[in-house]
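# Structural overview for review
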Amino acid sequence: MTENPFFRPSTLAYELPPFAEIRPEHYLPAFERGMTEQLAEIAAITADPQPPTIENTLVALERSGRLLHRVRVVFENQSAACTTPEVDRLDAGISPRLAAHRDAIHLDAALFARIEELHARRAGLDLDPETLRLLERRHTAFVRAGARLGADEQARLRGINAELAAAASEFRQNVSADEKARALVLDSVEELAGLSPDAVAAAAENGRALGRDGTYVLSLKNFSNQTELASLTDRSVRERLLAASLGRAAAANGPLAIRMAALRAERARLLGHDTHAAQVVADETAGTVGAVDALLARLVPPAVANARREAAELAKVAAADGVEEIAAHDWAYYSEQVRQTSYQVDAAALRPYFELERVLRDGVFFAANLAYGVTFTERPDLVGYHPDTRVWEVFDADGTGLGLFLGDFHARASKRGGAWMDELVTQSHLLGQRPVVYNNLNIARPAAGEPVLLSWDEVRTLFHEFGHALHGLFSDVRYPYVAGTDVPRDFVEFPSQVNEMWMVRPEVLANYAKHHVTGEPLPAGLVGRMAAAESFGQGFRTVEYLAAALLDWAWHTLPEGREVADAQEFEAAALAAAGLSVAAIPPRYRTTYFGHIFAGGYSAGYYAYIWSEVLDADTVEWFGGNGRGVRESGEVFRRELLARGNSRDALDSFRAVVGRDPETAPLLARRGLV
Ligand SMILES: [Zn+2]
């Protein structure tokens, strides 16, 4: 048997993990050895008879756990992007052990004593700003993880963390299993009326793949609203599809969500906070529950008013079909009708101008070159984590290699829904590492030989995720703990949302939006009409999003001991209390499949998207404004913000770019909320 490929640093370019050699049986031994190794490294730090120094404690901690990191990033990606039953089982087993491992470090009294001592003496240590920041961040992390608690409380904390980790893994697997079980099976092609020929072919292919030849299967993806709802003409099929989506994992995950919220509330109280939300935001740019409440309360009434205006428009069109009241399963369908009749925008007619390869090369990469001077060379010689994964080497303006970008754009059964970015190698001058980052998307695979044509939203997602990728690629710091996208959660969506602006900048759009057969540019006026149609949909989109953000908030502002009997009832009551129960607009996620907050890192953090959008809308006005060229703006944005990671306060980085505090007016204007 060959040696476990995780045991040594990769010898590939940029330390790209050696995916061709990695087998599922390598994970467990690598996790186990990785944890043991890191605990030995920590023991060496605490056994040092010398008094703590930056080098023998803080920097030693930065250097520790490399093997564990190597296996964890690869495993996390596989369990999300190309999982197997074996990987799922392993995930359920390893998650609580990793939680216990983190606790073993954070609750190590001897280690904390050394950090506490350095922290107390920090003013006299003559530290450079990044090292001072690292010391403060590490110290805060230990305190927030319970380092100052007594032994009994720490024991309880360990129990809570292990139970939460196991529950999160179970929650995720329940969603994925029930999503498959609830896929809508249709027996006749007539029921698919309204779908494009591609979508019909994909549904037939789904049927074959499930061993149900001759049926058409609509699989469920991600958000409450399924994309097919915009085009299915049969109202009863729409109703069944939405019902299948809204009911995902209701039985299994309702009780699990209640349990997780209760555990988080208990943990928050142990750590000295009123609620989990209070504990979370104390370390975010928002700072307090009140600040988040205020923004949400400011947005809800105008968003609901907008949605009601939109509903009235939809009702006019629907009346012609004999539909008396717009139901949730009608909203997307009649929105599409309004877009076509009132704005002369036909979503299907746009697709031929958005061919994936062109959008990527002549849009996303082109914009990065315009703003930052970087270039991209595909490296087919480097193997990604799945046959679909492509690898590009990214070069700086002066030709220096910056890092690798992996793109994995297509949906498959083994990949979870949504789109996301993460890192395989984190940039760090201390460790001599350059970044390796990836984007996972869920674009449907076309029939063999057909081009990949994107929707308007998919184009936006491509630019968005690439914004995260640039944040990782441009990282230019010494310590991995403060590198790249490891910034506050309510800040991390800011660079990615800023990158979306390139999608419609005229010089970029003209470069990529060309007909995939004729090469003709997007017809004049179509973009303007698309923008007008977009602002028509803002009521729906804002309400759908805010409802999810408020659900997250409601679960996590529960004080300890508050009993919740039924998740669905809790959900309905929370939305009603917030003034957000618009019957025809379900939340973007319902509790039982809200993986961001119960299986991911966004608990009490879903508000972050709109919080970040305040900064984003403000920055888009700054970028290239005031006579500053795009390239010049790009240099400032990169140097003062993207490159800094978390090596200085996030809002200080914002101020260094824009020259003042963020303002909300541009966001309100953009969302039609003024
Ligand atoms: Zn994002």
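For the structure itself, consult the block above.
Residues numbered from 1 in each chain as written. Predicted model: local features only at pLDDT ≥ 70, side-chain atom pairs only at ≥ 80, totals over all residues. Heavy atoms only, no water.

### Looking at the environment of Thr377
Rule in force here: Think of it this way: any DSSP run of H or I at least four residues long counts as a helix, any run of E at least two long counts as a strand, and we number them from the N terminus.
Turning to its location among the elements, Thr377 is positioned in strand 3 (residues 375-378). Measuring from C-alpha to C-alpha, the distance between Thr377 and Leu404 comes to 9.6 Å, with 27 residues separating the pair along the chain.

### Brief notes about the packing of helix 15 (residues 356-372) against helix 23 (residues 630-642)
Filter applied, for reference: Lines fitted to C-alpha atoms define the axes, with helix axes restricted to the stretch in contact, and inter-axis angles between N-to-C directions lie between 0 and 180 degrees. By definition in this entry, angles of less than 35 degrees are roughly parallel, angles greater than 145 are roughly antiparallel, angles of 65 to 115 are roughly perpendicular, and the rest are oblique. It only takes one pair of heavy atoms within 4.5 Å for two residues to be counted as in contact. Residue polarity is assigned by list, with Asp, Glu, Lys and Arg as charged and Ala, Val, Leu, Ile, Met, Phe, Trp, Tyr, Cys and Pro as nonpolar; anything else, Gly included, falls into the polar class.
The interhelical angle for the contact between helix 15 and helix 23, taken along N-to-C directions, is 90 degrees, at an axis separation of 6 Å. Comparing the axis directions of helix 15 and helix 23 gives the class roughly perpendicular. Facing Asn369, Leu370, Ala371 and Tyr372 of helix 15, the residues of helix 23 in contact are Val630, Arg631, Gly634, Glu635, Phe637, Arg638 and Leu642. For the contact of helix 15 with helix 23, the class distribution of residues is six nonpolar, two polar and three charged.

### Thoughts on the coordination of the zinc ion
Cut-off, in case you're wondering: A donor here means any N, O or S atom no more than 2.8 Å from the metal (3.2 Å for Na, K and Ca); water is not included, so a site may seem to lack partners. Type-normalised accessible area, obtained with a 1.4 Å probe on protein chains alone, sets the label of each residue: buried when under 20%, exposed when over 50%, and partly exposed for intermediate values.
Within the protein, the zinc ion binds to His464 (NE2), His468 (NE2) and Glu493 (OE); these donor distances fall in the range 2.1 Å. Expressed as a motif, the donor residue spacing for the zinc ion is H-x3-H-x24-E. Of this pair, His468 sits in helix 16 (residues 456-473) while Glu493 sits in helix 17 (residues 489-499); the two residues are 25 residues apart in sequence, bridging distant segments of the chain. A single burial state applies to His468 and to Glu493, both of which are buried.

### A short note on the pairing of strand 7 (residues 436-443)
Filter applied, for reference: A pair of strands is considered paired only if DSSP assigns at least 2 bridges between the two.
Within strand 7, seven of the eight residues are buried, leaving the element largely enclosed by the surrounding structure. Pairing analysis gives five bridges linking strand 6 (residues 420-425) to strand 7, with the strands arranged antiparallel. Across the sheet, the residue bridging to Glu423 is Val437, located in strand 7.

### Examining the nonpolar core
How we decide: Here, nonpolar core refers to any group of buried Ala, Val, Leu, Ile, Met, Phe, Trp, Tyr and Cys residues whose side-chain atoms link them within 4.5 Å.
In this structure, Phe354, Phe463, Tyr512 and Phe637 are the most contacted members of the largest nonpolar core, which totals 141 residues. The greatest single-element share of this core, amounting to 16 residues, is contributed by helix 19 (residues 526-556). In this structure Phe637 touches Tyr372, Phe494, Val498, Thr619, Trp622, Phe623, Leu642 and Val657, once residues within four positions along its chain are discounted. Grouped together as the second largest cluster of nonpolar side chains are 33 residues, Val71, Val73, Ala80 and Leu404 included.

### Observations regarding helix 20 (residues 567-577)
This is how the line gets drawn: It is the directions from the helix axis to the C-beta atoms whose arc is reported. Pairs of N or O atoms within 3.5 Å make up the polar contacts considered here, provided that, within protein, one atom can donate a hydrogen while the other can accept it, and that residues adjacent in sequence are counted only when both atoms are side-chain atoms.
Those residues of helix 20 not exposed but buried are Ala567, Phe570, Glu571, Ala574 and Leu575. In an axial view of helix 20, the angular spread of the buried residues amounts to 125 degrees, which keeps them on one side of the axis. Facing away from the buried side of helix 20 by more than 90 degrees, the exposed set consists of Glu569 and Ala577. Where helix 20 begins, one side-chain oxygen reaches toward the backbone nitrogen of Gln568, 3.0 Å away; that side chain belongs to Asp566.

### Here we look at the pattern of salt bridges
We count it as follows: Think of a salt bridge as a Lys or Arg side-chain nitrogen and an Asp or Glu carboxyl oxygen that are within 4 Å of each other.
As enumerated under the stated definition, the model contains 49 salt bridges in all. Where Glu534 meets Arg541, a salt bridge forms, and the shortest distance between an N and an O atom there is 3.9 Å.

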